[in-house]
Amino acid sequence: MVVGILYVFILSINLLGHSFSLFGSDFANKILVTTSNPFLGLFLGILATSLIQSSSTTTAIVVGLVAAGSLSLSNAIPIIMGANIGTTVTNLLVSFAHATRRAEFRRAFSAAVVHDIFNVSTVAILFPLELYFHPIEQSAIFLQRGFAGIGGMNLFNPLKYIIDPVISIIERILLLLPYSAAIMAVLSLVLLFASLAMLVQNLRKLIVGRVEVIIDRYLFGKDLTSMLLGAGLTAVVQSSSVTTSMIVPLAGAGILTTRQVYPFTLGANVGTTVTAAIAALATSDPIAVTAAFSHLMFNIFGICIFYPLKAFPISLAEHIGEFAGQSQSRVFMVIGGFVALFTIPLLVFIFW
Amino acid sequence: MNLFRLTHRAPLIQEAQKDTEKMLELGQDMFRHLTQAWTGETDPDQLEELKKQDKLINSLHRGVRKKVYEHLSLTGNESLFAALVLLSIVDDSERIGDYGKNIAELISFNPGRLDFGKYQETFERVWNQSTEMFENTIKAIRDDDEKSALKVMEAYVPISNTVDDLIERMFKEESGDTIKREYVALMLLMRYFKRVDAHLKNIASTVVNPFHRIGYKAKSK
């Protein structure tokens, strides 16, 4: 069943790219112009991911658009950065479930918000650097060339034989209808959402119960093993929202500290880049693959900066948690969280 | 409890189950060593060793709580009944460990052989019955043995009545300006045994009773 869902996911990415090519060059240019402002791109990434609660979906869509030529690599990178921030909504929502007990909420909220702090801090440093020096883009291109050099780009080539005929059939059917490009785009998005949601749900059921002993052993252990656990589990389950929100209740109960949660969260950020990589490889488009690698490099650079400096995000998260745990401020934290992650990006996007 | 061993699911609960059994075995071992204490054969080092066993029981207690919470947190409500039952069992087991330590301390205040005089026979009867309750409780939990569990639950009331009767009798017969220190020790010991047996009864009841009746009498069918 997982294989079937994966097929639908890969089909939807290719279908999305195909639909955008049907829109024509004018539409593609409009998207390019809209997303050419990196700040808009950043907030678009935050808003889209906050709404759908899946950075994997956002980055998969971005990869599909890059493959279709509707989005340039340099415009895609800020959206991907924003997607990293928006994905932390799920953690915050899970922590709010602990809001009835002060100490519990303090611990849960600290563990949830440390993810936000890491992502926001990484964007704060890498976003301006990327605008001027393009370290993420350059390193992603380097990775893609190396990957292509070892034949990695051909990994999913055989899939074309079972994807392309289906896309042709769908296209032939939809061309009989008005607004066929739009219908195809909507269909591809529906398939993308549905397949990713089902993939995450099924993989979670398959994996989590079986690996609870591994989680018990390594989550309380050394940072490196915790990071690898976060990366591995998230790569398999295909959702950092699932894996990071899984451990918020453990932090709420006091079984894990924010200090212990942090390396797992960093690992989960890396693990979630697998989805975009699968989507990109399915398109066989080098620029799409580079976009996927830029997601990976954003997180790698972030770890290189904020793992040695871990005292900063951890202590900030604990201070915010202390404040959040006070009775009146719990309400404000709930409202503040929603304002920050939904309203501000929406307003920026509308009025810019 | 054997259900866990038949499936591959809930591995953390299975680990917690093993730790729970270990807690009970440690508690039983503590009480076996205490038997030697009545005869004055125990030295202070052995009593210190018993206190360390209590610390180990406490450490297992915390470990089981962590594993159960982790399991429920990660899997939702998979094996929910078993998970909550384990929490109930380890709480009772931890209290048994505490009473074992209290008894060890009491004995250390009264070095040498304890002679309870006319109450010796009653004391030994209660002690032997409590030892049997321990064995049956561990068998009930380890093997999911309802018969052993019911034996434990049925044994509790007579032991409890014997203890209450003995204490009442001692208050009547030993009134006066002074009381032998052995009799003071005996009263405390009897109360401790009654509490330990009550906890064993609670643990055994998890095998036969529905969740909301854990610790209560088995309902007759």
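Residues numbered from 1 in each chain as written. Chains lettered and ligands numbered in written order. Predicted model: local features only at pLDDT ≥ 70, side-chain atom pairs only at ≥ 80, totals over all residues.

Undergrad: Describe in detail the overall build of chain A, supporting the description with residues and values.
TA: On a plain count of helices and strands, chain A comes out with 18 helices and 0 strands. Expressed as a percentage of its 352 residues, the buried residues of chain A come to 52%. Within chain A, contacts between residues separated by at least 24 positions form 84% of all contacts whose residues are at least 6 apart in sequence. (Helix = DSSP H or I, 4+ residues; strand = E, 2+ residues; numbered from the N terminus. Buried ≥ 20, exposed ≤ 12 C-beta atoms within 10 Å, placed from the backbone. Contact = placed C-beta atoms within 7 Å.)

Undergrad: Provide a residue-level description of helix α17 (residues 311-325) of chain A, including the pertinent values.
TA: All names here are of chain A. In a regular helix each residue adds 1.5 Å, so 15 residues correspond to 21 Å; α17 covers 21 Å between its end C-alpha atoms and thus fits that length. Of all the positions in α17, only Pro 313, Ile 314, Ala 317, Glu 318, Ile 320, Gly 321, Ala 324 and Gly 325 are classed as buried. For α17, the angular spread of the buried residues around the axis is 165 degrees, confining them to a single face. In α17, the exposed residues that point more than 90 degrees away from the buried face are Ala 311 and His 319. (Expected span 1.5 Å × (residues − 1). Arc of directions from axis to C-beta.)

Undergrad: Would you mind going over the packing of helix α8 (residues 135-149) of chain A against helix α16 (residues 286-306) of chain A in detail, with residue names and values included?
TA: Two quantities define a packed helix pair, namely the angle between the helix axes and the distance between the axes. Residues and elements named next belong to chain A. For the pair α8 and α16, the least separation of the axes is 7 Å and the interaxial angle reads 125 degrees. Considering their axes alone, α8 and α16 lie oblique with respect to each other. Crossing angle aside, the handedness with which α8 passes α16 is right-handed. Along its contact with α8, which presents Pro 135, Ile 136, Glu 137, Ser 139, Ala 140, Ile 141, Leu 143, Gln 144, Phe 147 and Ala 148, the element α16 presents Pro 286, Val 289, Thr 290, Phe 293, Ser 294, Met 297, Phe 298 and Phe 301. Split into classes, the residues belonging to the contact of α8 with α16 amount to 13 nonpolar, 4 polar and 1 charged. (Axes fitted to C-alpha atoms, helices over the stretch in contact; angles between N-to-C directions. Parallel < 35°, antiparallel > 145°, perpendicular 65-115°, else oblique. Left-handed = near helix turned anticlockwise from the far one by under 90°. Nonpolar A, V, L, I, M, F, W, Y, C, P; charged D, E, K, R; others polar.)

Undergrad: Now, about unusual backbone geometry: what can you tell me, with residues and values included?
TA: Within the chain, Tyr 179 of chain A stands out as a residue other than glycine whose phi angle is a positive 55 degrees. With respect to the helices and strands, the residue Tyr 179 of chain A is situated in the loop between α9 (160-174) and α10 (180-207). Unlike most non-glycine residues, Asp 144 of chain B shows phi in positive territory, near 55 degrees.

Undergrad: Lay out the interface of chain A and chain B in plain terms, naming residues and giving numbers.
TA: At the interface, 11 residues of chain A touch 13 residues of chain B. The leading source of residues in the side of chain A that touches chain B is helix α11 (residues 212-218) of chain A, at 4 residues. In terms of residue class, the side of chain A that touches chain B is built from 8 nonpolar, 1 polar and 2 charged.

Undergrad: Tell me what's going on with the confidence of the model for chain B, and back it up with residues and numbers.
TA: All names here are of chain B. Residues with a pLDDT of 70 or more make up 91% of chain B, whose mean pLDDT is 87. Considering only residues more than four positions removed or in separate chains, one finds that residues 1-7, a stretch of pLDDT under 50, has 10 contacts. Predicted as a complex, the structure gets a pTM of 0.80 and an ipTM equal to 0.73. (pLDDT = per-residue confidence, 0-100.)

Undergrad: If you had to explain the nonpolar core to someone new, which residues and values would you point to?
TA: All names here are of chain A. With 101 residues, the main nonpolar core has Val 62, Val 63, Val 66, Ile 247, Ala 280, Ala 291 and Ala 292 as its most contacted residues. Sorting elements by how many residues they give to this core places helix α7 (residues 102-133) first, with 11 residues. Not counting chain neighbours up to four residues away, the residues in contact with Ile 247 comprise Ala 111, Leu 219, Leu 256, Val 261 and Phe 264. (Core = buried A, V, L, I, M, F, W, Y, C linked by C-beta atoms within 7 Å.)

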